[in-house]
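Residue-level structural notes
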Number of protein chains: 2
Amino acid sequence: MTDDHPVVEFWYEFASTYSYPAAMRVEARAAARGVTVRWQPFLLGPIFRAQGWDSSPFNLQPVKGAYMWRDMARICDAEGLSFVRPDPFPQNGLQAARLALALPDDGARAAFSRAVYAAEFGAGMDLTDGSALSALLTEQGHDPDQIWAAAQSDAVKSGLRAQTEAAVAHGIFGAPMFRSEDGEIFWGYDRLDQALEWVLTRNR
Amino acid sequence: MTDDHPVVEFWYEFASTYSYPAAMRVEARAAARGVTVRWQPFLLGPIFRAQGWDSSPFNLQPVKGAYMWRDMARICDAEGLSFVRPDPFPQNGLQAARLALALPDDGARAAFSRAVYAAEFGAGMDLTDGSALSALLTEQGHDPDQIWAAAQSDAVKSGLRAQTEAAVAHGIFGAPMFRSEDGEIFWGYDRLDQALEWVLTRNR
């Protein structure tokens, strides 16, 4: 970055429910406080599998899952966001994450990521639907063929694996996670303001 | 209750880390908004064991545990609360929960519960130390022998089992949990204000 703004890293997984309101709100709330957001897609699947989980913890613990669905509905209602329960849940976010990583983090990655979340959790889009992802790329002013080619390149594939390895190295075990450059992590949509406060305090 | 105040139920477990700041702050923050708190001790152990867990999820998932300890330190720092990591963790909160349930929910249960949390998480008290629990009862103006006798009665023992069964029936899977009389549940210390807002909105 060439500016002097404090920075918050936003670590997100397209399958993650609470990442949806976080993705839709992080940029505006950070900008309002002069904080720059770095968009960091990664995959939770490998992290969960390393713990022996073969699905979302919200599926493995149905009582906790029931709470999450109710809580998501409340949050989206409060934030004025449409909300439909993805089917199946969790969605497979691999291709969307590769596409996001193939886009530069200069606003393009953020805008595409928000479009994916809005289509997935706001309108029921299946993340394995390549033509629907292509349509989102076109809407964002990109050439879908070009971005798909980049997303399937070894550079982006290994880049996404490196993102997930970096997440593990940072102590990240869930999403969304906000991270400061001095290594503090804050887990969950409801910790966005706390994370912004942290990076602002450290930059004073 | 004979007043017209809206009510929030505070479901807590003495072994639960995030229940500590919740217990220390719920009464003052509820009172400031005209909300009455009902103190509902219960046990998480049977709920965790029913899922096949033989310890706290923070022990079973050490990366998540590391985050929790850091997060607790940040929260307690922000709230001006002393914080020491209980050893062993989790503590066995059975006797403290029975003592709390033996006290009436007219302020006595709340004051004793806060004293237990402050001693446990603020000063390292072992919750299986019966004489330390007796000293807290004495400090609160109670006759320890009388409260211990009540705590060991069949009424209180079965009452605590009924509390835990009620928690399960309410969809409670962790602590602290705030619950409205219309059945909404809010999980975690960081949801206290949201729970208060809910019960206030429903009572307008």
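Residues numbered from 1 in each chain as written. Chains lettered and ligands numbered in written order. Predicted model: local features only at pLDDT ≥ 70, side-chain atom pairs only at ≥ 80, totals over all residues. Heavy atoms only, no water.

All names here are of chain B. Counting 70 residues, the largest nonpolar core has Phe10, Phe14, Phe112 and Phe178 as the members making the most contacts within it. By residue number, the principal contributor to this core is helix α6 (residues 108–123), which donates eight residues. Those residues in contact with Phe10 that lie beyond four places of it in its chain are Ser19, Ala22, Ala23, Val26, Val37, Arg38, Trp39, Gln40, Pro176, Met177 and Phe178. (Core = buried A, V, L, I, M, F, W, Y, C linked by side-chain atoms within 4.5 Å. Buried < 20%, exposed > 50% of the residue type's maximum accessible area, 1.4 Å probe, protein only. Helix = DSSP H or I, 4+ residues; strand = E, 2+ residues; numbered from the N terminus. Contact = heavy atoms within 4.5 Å.)

The next thing to look at is the sheet that holds strand β1 (residues 7–12) of chain B. All names here are of chain B. Here four strands make up an open sheet; going across it, the order is β2-β1-β3-β4 and the pairing mixed. Both edges of this open sheet fall to β2 (36–41) and β4 (185–187), since each of them pairs with a single strand only. Across this sheet, the average inter-strand angle for adjacent strands is 25°, counted without regard to direction. Across four bridges, β1 lies against strand β3 (residues 177–180) in antiparallel orientation. Each bridged residue has a counterpart across the sheet, and for Trp11 the counterpart in β3 is Met177. Sitting on the sheet, helix α1 (residues 19–32) touches β1, β2 and β3, and the angle it makes with β2 is about 155°. (Pairing = 2+ DSSP bridges. Axes fitted to C-alpha atoms, helices over the stretch in contact; angles between N-to-C directions.)

Time to look at the packing of aromatic side chains. All names here are of chain A. All told, the structure shown has 36 aromatic pairs over all chains when counted by the stated rule. Where Phe10 meets Phe178, the ring centres are 5.7 Å apart and the plane angle is 25°; that geometry is what we call stacked. Of this pair, Phe10 sits in strand β1 (residues 7–12) while Phe178 is found in strand β3 (residues 177–180), placing the two residues 168 residues apart along the sequence. Take Phe178: its relative accessible area is 0%, and that puts it in the buried class. Among the aromatic residues, those joined into a cluster by ring pairs are Phe10, Tyr12, Phe14, Tyr20, Trp39, Tyr117, Phe121 and Phe178. Across the ring face of Trp198, the terminal group of Arg202 is positioned such that the distance to the ring centre comes to 3.7 Å. (Phe/Tyr/Trp six-rings, centres within 6.5 Å; stacked < 30°, edge-to-face > 60°. Lys NZ or Arg CZ within 6 Å of the ring centre and 35° of its normal.)

As a further point, take the packing of helix α6 (residues 108–123) of chain A against helix α7 (residues 130–139) of chain A. All names here are of chain A. Two elements in contact, α6 and α7, have axes whose closest approach is 10 Å; the angle formed by their N-to-C orientations is 135°. It follows from the interaxial angle that α6 and α7 lie oblique. The hand of the α6/α7 crossing is right-handed. Where α6 approaches α7, its residues Phe112, Ala115, Val116 and Ala119 are matched on the opposing element by Leu133, Leu136 and Leu137. (Parallel < 35°, antiparallel > 145°, perpendicular 65-115°, else oblique. Left-handed = near helix turned anticlockwise from the far one by under 90°.)

We now examine the pattern of salt bridges. Tallying each qualifying case throughout the model produces 24 salt bridges over all chains. Here Arg191 of chain B and Asp71 of chain A are joined by a salt bridge, their closest N and O atoms 2.8 Å apart. One end of the pair, Arg191 of chain B, is in the loop between β4 and α10 (192–202); the other, Asp71 of chain A, is in helix α4 (residues 62–79), on a second chain. Each member of the pair Arg191 of chain B and Asp71 of chain A is classed as buried. (Salt bridge = Lys/Arg side-chain N within 4 Å of Asp/Glu carboxyl O.)

Let us now look at the interface of chain B and chain A. The extent of an interface is frequently quoted as the accessible surface area lost upon association of the parts. Counting residues at the interface gives 21 residues for chain B, matched by 21 residues for chain A. Roughly 1900 Å² is buried in total at the junction of chain B and chain A, and carbon and sulfur atoms are behind 50% of that figure. When residues of chain B are sorted by the area they lose upon contact with chain A, Tyr67, Arg74 and Arg191 of chain B head the list and together hold 29% of the total. In this assembly, chain B and chain A are joined by eight salt bridges. One salt bridge in this structure joins Arg70 of chain A and Glu184 of chain B, with 2.6 Å as the shortest N-O distance. Our count for the contact surface shared by chain B and chain A stands at 12 residue pairs in polar contact (both at pLDDT 80 or more). Only α4 (62–79), β4 and α10 of chain B provide two or more residues apiece to the side of chain B that touches chain A. Sort the elements by how many residues they give to the side of chain B that touches chain A and α4 of chain B lands first, with seven residues. Taken together, the residues of the side of chain B that touches chain A break down into 10 nonpolar, four polar and seven charged. (Buried area = accessible area lost by both parts, 1.4 Å probe. Polar contact = N/O pair within 3.5 Å; in protein donor to acceptor, adjacent residues only side chain to side chain. Nonpolar A, V, L, I, M, F, W, Y, C, P; charged D, E, K, R; others polar.)

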